[in-house]
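Spelled out, the chains give:
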Amino acid sequence: MILDDLVAATTARVNAAQQQQSLAKLKVQVATMPTPVSFLTVLRQPGLQVIGEVKQASPSKGQIVTTFEPEKIAQAYQQAGVAAISVLTEPSYFHGSLAILKQVAATVETPVLCKDFIIESYQIYQAKLAGASAILLIVAILTPKQLRAYLALAHQLGLTALVEAHSASEIKQALAVGAQVIGVNNRNLKDFTVDLNNSIQLRSAVPADVVFVAESGIKTAADVARLTAAKVDAVLIGETLMRAPDKAAQLRALNLGRDQIATN
Ligand SMILES: O=P(O)(O)OC[C@@H](O)[C@@H](O)c1c[nH]c2ccccc12
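Now for a description of the structure that goes with this document. Note that the coordinates shown come from a computational prediction; the quantities given were computed from them, not determined experimentally. Chains are numbered independently. Their residues run from 1 in the order of the written sequence. A pLDDT threshold of at least 70 governs which residues receive local features in this predicted model, and a stricter bar of 80 or more applies before side-chain atom pairs are shown or counted, although totals over entire chains, interfaces and linings include all residues.

### Some thoughts on the pairing of strand S7 (residues 160-165)
As a rule, residues whose C-beta atom has 12 or fewer other C-beta atoms within 10 Å are exposed, those with 20 or more are buried, and those in between are partly exposed; C-beta atoms are placed from the backbone. Comment: elements are numbered from the N terminus, with helices defined as DSSP H or I runs of at least four residues and strands as E runs of at least two. For S7, the buried fraction is high: six of the six residues fall into the buried class. Because side chains alternate across S7, one face comprises the buried residues Thr-160, Leu-162 and Glu-164, and the other comprises Ala-161, Val-163 and Ala-165, equally buried. As judged from the five bridges shared by strand S6 (residues 134-138) and S7, these two strands associate in the parallel manner. Looking at S7, one finds that Leu-136 is bridged to Leu-162. When the strands point away from the viewer, a crossover counts as right-handed if the path from the first strand over the helix to the second runs clockwise. For the handedness criterion, the β-α-β arrangement of S6, helix H8 (residues 144-156) and S7 is classed as right-handed. For S7 and strand S8 (residues 181-185), the ladder comprises four bridges, and the chain directions are parallel. Bridging across to S8, Val-163 finds its partner in Ile-182. In this view, the connection linking S7 to its parallel neighbour S8 by way of helix H9 (residues 168-176) has right-handed handedness. DSSP calls a pair of strands paired once it identifies at least 2 bridges connecting them.

### Observations regarding the site of the ligand
Whether a residue is near a molecule or strand depends on its C-beta atom, placed from the backbone, lying within 6 Å of it. In the vicinity of the ligand lie 14 residues, with Glu-215, Ser-216, Leu-236, Gly-238 and Glu-239 positioned nearest. Among the elements of the structure, strand S10 (234-237) and helix H12 (239-243) are those that each provide at least two residues to the shell around the ligand. Here the nonpolar group is Ala, Val, Leu, Ile, Met, Phe, Trp, Tyr, Cys and Pro; Asp, Glu, Lys and Arg are the charged ones; every other residue, Gly included, is treated as polar. Looking at the shell around the ligand residue by residue, the classes come out as three nonpolar, five polar and six charged.

### Focus on the environment of Gln-79
By the secondary structure assignment, Gln-79 is in helix H4 (residues 70-80). As for Gln-79 and Ala-222, which are separated by 143 residues in sequence, their C-alpha atoms are 24 Å apart.

### Description of the sheet that holds S10
On the basis of which strands lie adjacent, the closed barrel formed by eight strands has the order S1-S4-S5-S6-S7-S8-S9-S10 and parallel pairing. Between one strand axis and the next, the sheet turns through 25° on average, direction left out of account. In this structure, strand S1 (residues 49-54) lies alongside S10, joined through four bridges in parallel fashion. Opposite Val-50, over in S10, you have Val-235 as the bridge partner. To define axes, lines are fitted to C-alpha atoms, for helices over the stretch in contact only, and angles between the resulting N-to-C directions are given on a 0 to 180 degree scale.

### Quick word on unusual backbone geometry
A positive phi angle, close to 70°, is found at Phe-192, a residue other than glycine. Even without being glycine, Asn-255 reaches a positive phi, approximately 65°. In this fold, Asn-255 is placed in the segment after helix H13 (247-253).

### A word on helix H6 (residues 98-107)
When H6 is considered as a whole, its buried residues turn out to be Leu-98, Ile-100, Leu-101, Val-104 and Ala-105. Down the axis of H6, the sector holding all buried residues measures 150°, keeping them to one side. Among the exposed residues of H6, those oriented more than 90 degrees off its buried face are Ala-99 and Ala-106. For the purpose of contact definition, each residue receives a C-beta atom placed from its backbone, and two residues are in contact when these atoms lie within 7 Å. Turning to H6, the residues buried within the fold contact S1, H4, strand S4 (84-88), strand S5 (112-115) and helix H7 (121-130). Working definition: the arc comes from the directions between the helix axis and the C-beta atoms, pointing outward to the latter.

### A closer look at the packing of H4 against H6
It is the contact of H4 with H6, at a shortest axis distance of 9 Å, that shows an interaxial angle of 40°. Taken together, the axes of H4 and H6 lie oblique to each other. Pair H4 / H6 crosses with right-handed handedness. Contacts between H4 and H6 involve Pro-70, Glu-71, Ala-74 and Gln-75 on the former and, on the latter, Ile-100, Gln-103, Val-104 and Thr-107. Of the residues in the contact of H4 with H6, the class split is four nonpolar, three polar and one charged. An angle counts as roughly parallel when it lies under 35 degrees, as roughly antiparallel when it exceeds 145, as roughly perpendicular when it falls between 65 and 115, and as oblique in every other case. Crossing handedness follows the turn of the near helix against the far one: under a right angle anticlockwise gives a left-handed crossing, and clockwise gives a right-handed one.

### Focus: the pairing of S4
Within S4, five of the five residues are buried, which leaves it mostly tucked inside the rest of the structure. What you see with S4 is no split at all: Ala-84, Ser-86 and Leu-88 on one side and Ile-85 and Val-87 on the other are buried throughout. Two strands pair when backbone bridges link them, and S1 and S4 are joined in this way by four bridges, in the parallel orientation. Residue Val-54 lies in a different strand from S4, and its bridge partner there is Val-87. Of the strand pairs in this sheet, S4 and S5 are connected by four bridges, and their pairing is parallel. Looking at S5, one finds that Leu-88 is bridged to Lys-115.

Right, here's the structure in full:
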């Protein structure tokens, strides 16, 4: 199963990184970092908020773009009015890196989400050091104890955690540990099937004071209209925006342009 492979690759990567730099040293560096712009606050703005994703490849699609210029993409997203930017940092399957996130975070004022398979607190310090405002915590790969501890660490470091769930029981686990932002993935990370109905059906399982993000497989204005009708707070869009040469035009085509967002 792909999720197991991703976790195994992540374990090896984190172990190697820790050989290079100890957690103790990382903590010293992180202590000098400023508090980032709040990811939570931007997602709580009125209207349907957009998180644009910087992702050059994925296990389900392979290489998505031929030329990959993360800073240009991030600037285009910011100019097009996205609330936040998600950056894939997983190297083996998504061809991402913390260096890409660092470049993006240094280029835009928009808060940046570190999109990775976090299984160790070390990675949360790495994300903060690279300039992230938020981290992804995937319920399916963490024990309840880890989820609680990593959420607390994120908050301690001034980061927001986007807690990703795929089912009603995973949403329950996210709420039980006090998640403030829950993302429901329309893509099943176990078999890659995509179903927009997943976030629509699970919308009512998340109370109004918790931010609800619909993730993955959003391609058309009709998709956006369905999610708007379901009253999701935000959408996370990767592939559709990555494939579009003109990011602002693509967002307008989805009714998510700068001037369209507040009316959704
Ligand atoms: O490219 P899409 O279908 O618009 O999906 C974006 C985002 O939701 C997806 O990249 C994603 C959602 N959850 C993840 C967890 C890990 C890696 C990637 C993801």
